[in-house]
Every structure is written in structure tokens, then in C-alpha cells.
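A structural walkthrough
For reference, the chains in residue letters:
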Amino acid sequence: MMTVPDEGTFVVRAEPAAATETTAATGTVRDGTRWLLPAGALLLVAVLAVYVADLVSHLSYMAAMRDLVVYRDGGLIVRHVSPAYNAHRASPLYDWTGQNGVQFTYPPFAAVIFAVASVLSWTAMRWAMTLASMAALGLSLWLVSGALGYRDRPTVRLGATLGVSALALATEPVQQTLGLGQVNLLLMLLVIADLLTGGALTPEGLKGQTRWWHGFGIGIAAGVKLTPLIFIPYLLLIRKYRQAATATAVFAATVALGYAILPRDSGTYWAHGLFLKANRIVFLGTRGNQSLRGVLTRLAGSVNSGTTPWIVLAILVVIVGLVTAALLYRAGQPVPAMLACALTGLLASPLSWDHHWVWVAPGIALLAQLGISARRTLARATWWAATALLVLVFGCWPQFWDAQAGLTPAGLVWYGPATYFATGDQPWYHEFHWHSLQLLAGNIFVLAGLASLAAFAVAAVWLRSRAAASGAAPSQPRELPRELSP
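Residues numbered from 1 in each chain as written. Predicted model: local features only at pLDDT ≥ 70, side-chain atom pairs only at ≥ 80, totals over all residues. Heavy atoms only, no water.

**Topic: the environment of A410**
In this fold, A410 is placed in strand β4 (residues 409-411). Classification of A410 as buried rests on a relative accessible area of 1%. If we skip the residues at most four places from it in the chain, A410 touches E172, G395, C396, W397 and Q399. (Helix = DSSP H or I, 4+ residues; strand = E, 2+ residues; numbered from the N terminus. Buried < 20%, exposed > 50% of the residue type's maximum accessible area, 1.4 Å probe, protein only. Contact = heavy atoms within 4.5 Å.)

**Points about the nonpolar core**
Core analysis: the largest hydrophobic core is formed by 120 residues, its most contacted members being F104, L195, F231, Y234 and W359. Residue contributions to this core peak at 11 residues, all from helix α16 (residues 334-348). Residues contacting Y234, with those up to four places away along its chain left out, are L195, L322, A325, A326, Y329, P334, A337, M338 and C341. (Core = buried A, V, L, I, M, F, W, Y, C linked by side-chain atoms within 4.5 Å.)

**Considering the confidence of the model for the chain**
Of the residues in the chain, 87% reach a pLDDT of 70 or more, and the chain-wide mean stands at 87. Mean pLDDT in the chain bottoms out at strand β1 (residues 23-24), which sits at 39, and peaks at helix α11 (residues 231-237), which reaches 98. Every residue in residues 3-11 is under pLDDT 50, and counting partners more than four places away or in other chains gives 33 contacts. Every residue in residues 14-29 scores below 50 in pLDDT, and together they form 53 contacts with partners more than four places removed in sequence or on other chains. (pLDDT = per-residue confidence, 0-100.)

**What to know about the packing of helix α1 (residues 36-57) against helix α6 (residues 154-169)**
For the pair α1 and α6, the least separation of the axes is 7 Å and the interaxial angle reads 25°. Comparing the axis directions of α1 and α6 gives the class roughly parallel. The way α1 lies across α6 gives a crossing that is left-handed. In this structure, α1 contributes L36, L37, G40, A41, L43, L44, V47, L48 and Y51 to the contact, and α6 contributes T155, V156, L158, G159, A160, L162, G163, S165, A166, L167 and L169. (Axes fitted to C-alpha atoms, helices over the stretch in contact; angles between N-to-C directions. Parallel < 35°, antiparallel > 145°, perpendicular 65-115°, else oblique. Left-handed = near helix turned anticlockwise from the far one by under 90°.)

**Remarks on the packing of helix α8 (residues 184-196) against helix α10 (residues 216-224)**
Interhelical geometry of α8 versus α10 gives an angle of 155° and a closest axis separation of 7 Å. With respect to their mutual orientation, α8 and α10 come out roughly antiparallel. Considering how the two elements wind past one another, α8 and α10 form a crossing that is left-handed. Mapping the contact onto sequence places L187, L190, V191, D194 and L195 in α8 and F216, G217, I218, I220, A221 and V224 in α10. The class makeup of the residues in the contact of α8 with α10 is nine nonpolar, one polar and one charged. (Nonpolar A, V, L, I, M, F, W, Y, C, P; charged D, E, K, R; others polar.)

**Regarding the environment of G146**
With respect to the secondary-structure elements, G146 resides in helix α5 (residues 122-150). Overall, G146 belongs to the buried group, its relative accessible area being 1%. C-alpha of G146 to C-alpha of T197: the two residues are 51 residues apart in sequence and 9.2 Å apart in space. Filtering out sequence-adjacent residues up to four positions away, G146 remains in contact with R151 and R157.

**Considering a nonpolar patch on the surface**
On the surface, Y415, L437, L440, L447 and L450 cluster together into a nonpolar patch covering about 430 Å² of accessible area. Of all the elements in the fold, those that place two or more residues in the nonpolar patch are α19 (437-442) and α20 (444-470). Judged by relative accessible area, Y415 falls into the partly exposed class, the value being 33%. (Patch = residues over 30% accessible without salt bridge, like charges linked within 9 Å, V, L, I, M, F, W, Y side chains within 5 Å. Areas by Shrake-Rupley, 256 points an atom, 1.4 Å probe, with all protein chains shown as cover. Salt bridge = Lys/Arg side-chain N within 4 Å of Asp/Glu carboxyl O.)

The following block contains the structure:
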């Protein structure tokens, strides 16, 4: 989600809480940011208007919330409410099958949470999830904007939050999350709040000193979906041992709570290794799987043929990604570090749905901030072009390539044909027969993720070499030499 265009540009540096009015994370913010609040507000209103128009035109598709149905039924099973609950099943939660063969795929703790939410009516639950997700998107970007240097400039910070929220709402991962009733935006907020609040960006926080509650967000998020576990080794590498221990303990507590309330289902999921069997619920080469496993399965022609290459490449990506994230953090770059770690999890996971890529939102914020604060015209144009390219790649566009879709909004990843609700591994699945533009578009999230992680790695090495040359401590934020400031 980031590029390093030339020597006249630089990645964002996080400021401690005491940032001055004129100094932001990337250097001196120009006075032109006065236009940011009205422009951000107008852009958000415009994007919301288009989104609502699309929603009204395609209500049955864009507001079906199929995944929220699964969460709700999981909650009803915990509460022993029929017909979702069937006491005769060996594992009532994981033996349940919904419409089109969908099954509950999350840890038992997720079902326990939705046992509480399922007391709401279906209409109230849909509204609650939509509003909570929208609020989570805005709050996440508010926190990211503060970490990018606007902590003491509330007007500019609000304008940046509104503008980036608008661009994020125009992306496929965010719209899919809203349309499916998914929890991705809520989980992203938990992680961001854990990493970027409560003194985490003060000099003490950058040295590893944390508040007692740091780690709760990551632990809870991992209890709902396993992918946020990638942030625990990241915390260890940046020497935030107490926060890593807290996250691990909280995650363990979610597992224990699942065993206490759902002992049979927890045994099935954890002890019997159900959490390792991603191919049980979906064909791993499905178009929606925007991970290295998905790409390699589609290219190899079968799930088994793609397994070994995926293991090798995933290990390599995890090593490079975590080391890159740690180097960026030690160079005083917590936002790029956080994004590098998130990218690592998305790429290495065996199953990363397209809607999991909501981390594109803080990626847009990072690039937009670089564009706003760049001093040189060429650098400014380059960063804005990179921002536009990121929105283009992840954008939600009318399906002009499919006459039967009725211009239903979708991402470029939808360009290739898909085999819907497929499981197992069959040679006739459409994804095995993609060609030319279908291969490019169908794997574009992963390609963008790999390019972004490579850019982060280059930036990390460059920062480390600069720190070594200047003799600065790598864990301390440094002011840039004026000639290298954007």
C-alpha cells in the first residue's frame, strides 16, 4: 500500500503526542491544508450519496448480509434456539449448515459474542452492524490521522478523516464488509486502538513501555478471527513484551471462555484441528480468496499442487514482512510498520477474503498524507498518483464487463469468472481456467499487497542505513534532513 518514488520523498514518521502545530509526521505541513475539512466533508457526502443510490438500486444484493446471518445463527446455537440449534448433532455449532451449504467457520468465542447480539431483531441487528462498522471505519482513520502527525490539529485531522473515509467507502473491501455484515472494520479498530493509542506513540511508548490494557484489542480480535495473531510476534520483535503477553493471555481467555460455554464445539475446533481445515468450507482457489494460497492454487490447477509452493512462499513472506515491520517501527514509523504487519497476515493466511482487505483504508491515509505534506511538486504529484492508483485497484466499480450483473458494484477482482459456493477441488472450476486480464484482475489485491510490502521493505532498509550513517539510535524518531524532506 505504499511506494517509494524517488529520493525526494519519504515515508511518514509518527510524532509523539506533543507534536507542534506546524510540524507533522512527514515534515512541515503546508498552509494549504485549510481546505482539507470542507473538501473532506464534501467528498464524504458525495460518496455516501452514490453508495446510497447503489444500495437502493441493488438492495437485495448489497444489503443481504449473508455473513451476518451466519454470525446470528451461531449466536442462536449458543442460546439453544431452534431451528439453528440441534441437540442431536455431535458439534451443534460446526455441524450446522445454512443456505447454499455455508457453515460457521470462526472460533467459538465469536459465536459467544453473537449470542448476545442475537437477542436483537434481524432488522435491528443489521442496522447496528452497519452503523458500528461505519463508526469503526471513521474512528480507525481518526486514530491513524493522529499518528500521522495531526494529533494537535483537530480541524485538519477531522478533514483528513472525512476525506479518507470517503475514499475508503468507495473501495470493494469496505463495501463488501458492509454488504455481508462482516466484522472486519470492527476488528481493524481493535488492532489500531491497541497499537496507536494510550501513549503508544510517545517516546516511552516507542521504547516499549505500554499501558496495562495494551494487548486487549489484539487478543479479542484474534479470538473472533485468527488472522490478527500475526501482531503478537510483531510485538515481540519491537520489544513490547508486556503487550504481547497481554494479547496472548486475552486470546487464551477467549479460547477458555469458548470451552466453558461450548465444550463440544471448542473441542472440535481446537483439539480436533478444525481451524486448520480451511478447504472444508470453501474451495481455496475461489476468486474471493485474495491470499498467496488462493493465487497459487489457481495457478497450480489444484489445491494439493499449490500447497507446497504456498508453504514455502508464506514462510518467506512472514519472515520478510515481520522483519520489515519491526525495522520500520524502530525507525519511528509505527503506521507503516502496522500496515506491513497487516499485509503480512493477509498475504500469508490460507484464506483472506476480498473483504478482509479493509486495511486499504489506513493505506490510503498514509499515501494521502505524503501527498499533502510533500514540498516538491514532483513528489506531491507522485504521492497523489499512488493514492489514486490504490483507490483504483481496490475500488468498487459497476460490473460493466458483465451484462447480466446490471452494473452491480464490485471490485476488479470480480472480472474473472467464479464458481460460487464451491468446496473441495474440481478441475472444471472456472478459476483454474483464467487467462490474460482475468489472471491480472483476479489476483490484483495480492499483487498490490506484494508490491506494497516490497516498498515497505525498501523503505525499512533505507531508513536503517540512514540511521547507521548518522549514528542515530534506530528506535528513536528522527527529524529528516531538510534536503530529504518531502
